[in-house]
Amino acid sequence: MSMLKTQVGCMNSHQTDWEKNIIDNADSYSIVEWRPLDKSTKTIVKTYEEAKKLYHKTIKEHTSTLAYAIYNNSHANLNHLDDFKVKITKVKYKNEI
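Please read all numbers here as calculations on a predicted model, not as lab measurements.

1. Considerations on the nonpolar core
Ranked by size, the top nonpolar core spans 15 residues in total, and within it Tyr29, Ala51, Tyr55, Ala67, Ala69, Leu78 and Phe84 carry the most contacts. Secondary structure elements with two or more residues in this core: α1 (17–25), β3 (28–33), α2 (48–59) and β5 (65–71). Here this core takes four residues from α2, the largest share from any one element. In this structure, Ala69 is in contact with Ile22, Ile23, Ala26, Ser28, Tyr29, Ser74, His75, Ala76 and Leu78, ignoring residues within four places of it in sequence.

Pasting the structure below:
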C-alpha cells in the first residue's frame, strides 16, 4: 500500500491514494452519531463547510461522532483532519434517536 503525504483539510496527513481521491472529489459528506446495536444515526450534507459545522455542533452532544467524505458510494474518514479534530474532556452520549 502506498502512502502519500498531502495537504488536505489544513493538515499534513498520511493517506492512501484511494482516501485522497475520495476526500478531494467528495460529492457529499456524512456525519454519523455512532451507537451500538445498529442504532446509529447519519446525516448527509452537500458541502465540506456544512459537514464541519454539523460535526462541531453534534460532537458537543454526542462524542462518538464520525465524519466521512463520500464519492461514488465510497467513504473516507475525516476525523483525522484538523477541521474535524476536537479535544474530548467529557464523554457525552445522546440517547435519543
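2. Quick word on the pairing of strand β6 (residues 74–77)
Across four bridges, β5 lies against β6 in antiparallel orientation. Across the sheet, residue Ile70 finds its bridge partner in β6, namely His75. Hairpin connection between β5 and β6: a loop of two residues separates the two successive antiparallel strands, and Asn72 in this loop has a positive phi of roughly 50°.

3. Comments concerning the side chain of Thr65
Positionally, Thr65 belongs in strand β5. Here Thr65 falls in the buried class, since its relative accessible area comes to 3%. Among residues more than four places away in sequence, those in contact with Thr65 are Ile31, Val32, Glu33, Tyr55, Thr58, Ile59 and Asn79.

4. A closer look at the sheet that holds β3
On the basis of which strands lie adjacent, the open sheet formed by four strands has the order β4-β3-β5-β6 and antiparallel pairing. At either margin of the open sheet sits one strand with a lone partner, and together these are β4 (41–45) and β6. Taking the axes of each pair of neighbouring strands and ignoring which way they run, one obtains an average angle of 30° across the sheet. One ladder, built from five bridges, connects β3 with β4; its direction is antiparallel. In the strand pairing of β4, Val32 is matched with Lys42. Here α1 sits on the sheet in contact with β3, β5 and β6, set at roughly 95° to β6. Seen against the sheet, α2 touches β3, β4 and β5 and runs at an angle of roughly 10° to β3.

5. Some words on the pattern of salt bridges
The full count for this structure, using the stated rule, is three salt bridges. Linking Asp24 and Lys20 is a salt bridge whose minimum nitrogen-to-oxygen distance equals 2.3 Å. Here Asp24 pairs with Lys20, and both are found in helix α1, just four residues apart, close to one helical turn. When its relative accessible area of 23% is taken as the criterion, Lys20 is described as partly exposed. Between Lys52 and Glu49 there is a salt bridge, with the nearest N and O atoms lying 3.4 Å from each other. Of this pair, Lys52 and Glu49 both sit in helix α2, three residues apart, which is roughly one turn of the helix.

Thresholds, definitions, all that
Residues numbered from 1 in each chain as written. Predicted model: local features only at pLDDT ≥ 70, side-chain atom pairs only at ≥ 80, totals over all residues. Heavy atoms only, no water. Core = buried A, V, L, I, M, F, W, Y, C linked by side-chain atoms within 4.5 Å. Buried < 20%, exposed > 50% of the residue type's maximum accessible area, 1.4 Å probe, protein only. Helix = DSSP H or I, 4+ residues; strand = E, 2+ residues; numbered from the N terminus. Contact = heavy atoms within 4.5 Å. Pairing = 2+ DSSP bridges. Axes fitted to C-alpha atoms, helices over the stretch in contact; angles between N-to-C directions. Salt bridge = Lys/Arg side-chain N within 4 Å of Asp/Glu carboxyl O.

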